[in-house]
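# Summary of the model geometry
Read off the chains here:
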Amino acid sequence: MAAAALRQVCTQRLPVSWLLCGSRRCVSTSFKAADLQLEMTQEPLKKPNPSEPLVFGKTFTDHMLMVEWTGSKGWGQPCIKPFQNLKLHPACSGLHYSLQLFEGMKAFKGPDQRVRLFRPWLNMDRMLRSAQRLCLPSFDKVELLECIRRLVEVDKDWVPEDVGTSLYVRPVLIGNEPSLGVGMSTKALLYVILSPVGSYFPGDTVTPVSLLADPAFVRAWLGGVGDCKLGGNYGPTVFVQQEAQKRGCEQVLWLYGPDHQLTEVGTMNIFIYWTYEDGVLELVTPPLDGIILPGVVRQSVLDLAQTWGEFRVAQRTITMKELLRALDEGRVREVFGSGTACQVCPVHRIMYQGQQLHIPTMENGPELILRFQKELKAIQYGTSAHEWMLTV
């Protein structure tokens, strides 16, 4: 599928605002999928044994996409090359000052053996916004998406076939300035690597997690970059994750502000399914106020719930005080996180200010979580066309 054809598909499926949002000054200087160079590997890697579990992010395919940029010449030709190590200057600004961003998306193989990408347009939107926030070079979203589609097409035999498995797609953009000065990069490198991954949960089951909610730790703040997918947002969370495990919890519930607002769960968005104080059954998640990462699965959960029309769907600030009151009054049904890795993940316990809060998610099915999981799988692995899927 050429970029022109992909652009036509995008125009048919998406509002014109998608193609126009963000800076478009880059269009005339962006790399073009039509110029894509292909260098096939002469030393194919060994593919994983289907009978062995796939550990997330440990296995990589034969090829990668690379595009270089300089301030003087703009973008170079995009190239699909054999998977290889990067050559970076020791003063690379992406290493010293975290001028780097990434994306996470998935390709799925259906029973018809066709490979499809899940809502990749949303990832391209978010990646461009992240690039602009770091003053890294802009790009044409449609051209990059077509290059990624071509890369997945080249390595499509690496996409595992079992339901629950997928091909994880990791685009990365880094500043490659060979200088110790803090400032805009005059060099940058965009690359994309692929990794086959296994199912987050075995079979059709879901395993609940426990959360440490400690207001001493803050993931993001107003005026910061919590709404961008930057490496600098993730590295500092490792320490807190270790602290959670020391206290007997699997993940972190990130709180914000003096009223202890719920923001995210680990690297996931958070949802609560409850009867609100006004007596209305609703699904609620924190609003995109600059702190919250606009997750693709988050948007998909909201879209599906809106389509069902069976309960209120809200984006509103949620505080621990509200959650505690709802638990005491028996109004909470399910609490869960959503993200690319797990899709939906139930929460059954929260450690907060010396209290062990039991969340009755699993006692309630978890009916809603399993429904979202089933619907998402049907879309991602289905043989019938769906507007959220881009066929490779």
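Residues numbered from 1 in each chain as written. Predicted model: local features only at pLDDT ≥ 70, side-chain atom pairs only at ≥ 80, totals over all residues. Heavy atoms only, no water.

This part is about the packing of helix α7 (residues 296-308) against helix α9 (residues 367-381). At a minimum axis separation of 11 Å, α7 and α9 run at an interaxial angle of 105°. Taken together, the axes of α7 and α9 lie roughly perpendicular to each other. Residue-level inspection shows Val297, Ser300, Val301, Leu304, Ala305 and Trp308 of α7 in contact with α9, the latter providing Leu368, Arg371, Phe372, Glu375, Leu376 and Ile379. In the contact of α7 with α9, the residues fall into nine nonpolar, one polar and two charged. (Axes fitted to C-alpha atoms, helices over the stretch in contact; angles between N-to-C directions. Helix = DSSP H or I, 4+ residues; strand = E, 2+ residues; numbered from the N terminus. Parallel < 35°, antiparallel > 145°, perpendicular 65-115°, else oblique. Contact = heavy atoms within 4.5 Å. Nonpolar A, V, L, I, M, F, W, Y, C, P; charged D, E, K, R; others polar.)

Here we come to the pattern of salt bridges. By the definition in use, this model includes 15 salt bridges. A salt bridge links Arg316 to Glu282; the nearest nitrogen and oxygen atoms lie 2.4 Å apart. Placement of the pair is Arg316 in the loop between β15 (312-315) and α8 (320-328) and Glu282 in strand β14 (residues 281-285), with a sequence separation of 34 residues. Members of the salt-bridge network, linked through shared partners, are Asp278, Glu282, Arg312 and Arg316. (Salt bridge = Lys/Arg side-chain N within 4 Å of Asp/Glu carboxyl O.)

Note on strand geometry: in a regular strand, side chains alternate between the two faces of the sheet. The element strand β10 (residues 209-213) is extensively covered by neighbouring structure, given that five of its five residues are classed as buried. For β10 and strand β17 (residues 343-352), the ladder comprises five bridges, and the chain directions are parallel. Of the residues in β17, the one forming a bridge with Ser210 is Arg349. In this region the chain leaves β10, passes through helix α6 (residues 237-246) and returns to the parallel neighbour strand β11 (residues 251-256); the handedness of that crossover is right-handed. (Buried < 20%, exposed > 50% of the residue type's maximum accessible area, 1.4 Å probe, protein only. Pairing = 2+ DSSP bridges. Right-handed = clockwise from strand over helix to strand, strands pointing away.)

Here the protein shows a mean pLDDT of 92. Residues at 70 or above account for 92%. Contacts from residues 15-28, a stretch scored under 50 in pLDDT, to residues over four places away or in other chains number 26 contacts. (pLDDT = per-residue confidence, 0-100.)

Inspection of every chain in the model, using the stated rule, returns 12 aromatic pairs. Their ring planes at 70° and their centres at 5.1 Å tell us that Phe56 and Tyr168 sit as a pair that is edge-to-face. Placement of Phe56 in the loop between β1 (37-38) and β2 (63-70) and of Tyr168 in strand β8 (residues 166-175) is noted, with a sequence separation of 112 residues between them. Looking at Phe56, the relative accessible area reads 47%, which means it is partly exposed. Their ring planes at 45° and their centres at 6.0 Å tell us that Phe336 and Phe372 sit as a pair that is tilted. Taken together, the residues span a long stretch of sequence, with Phe336 in strand β16 (residues 332-339) and Phe372 in helix α9 at a distance of 36 residues. What links up through ring pairs into an aromatic cluster is the set Phe271, Trp308, Phe336 and Phe372. The lysine or arginine in question, Arg119, covers the ring of Trp388, its NZ or CZ lying 3.9 Å from the ring centre. In this structure, Arg371 packs its charged tip against the face of Trp308, placed 3.7 Å from the ring centre. (Phe/Tyr/Trp six-rings, centres within 6.5 Å; stacked < 30°, edge-to-face > 60°. Lys NZ or Arg CZ within 6 Å of the ring centre and 35° of its normal.)

Further remarks concern unusual backbone geometry. Following Gly365, the chain continues into Pro366 via a peptide bond in cis, with omega recorded as -5°. The residue Pro366 is located in the loop between β18 (355-358) and α9 in this model. In this structure, Ser98 takes a positive phi of about 55° despite not being glycine. Mapped onto the elements, Ser98 comes out in the loop between α3 (93-96) and β5 (100-102). Classification of Ser98 as partly exposed rests on a relative accessible area of 30%.

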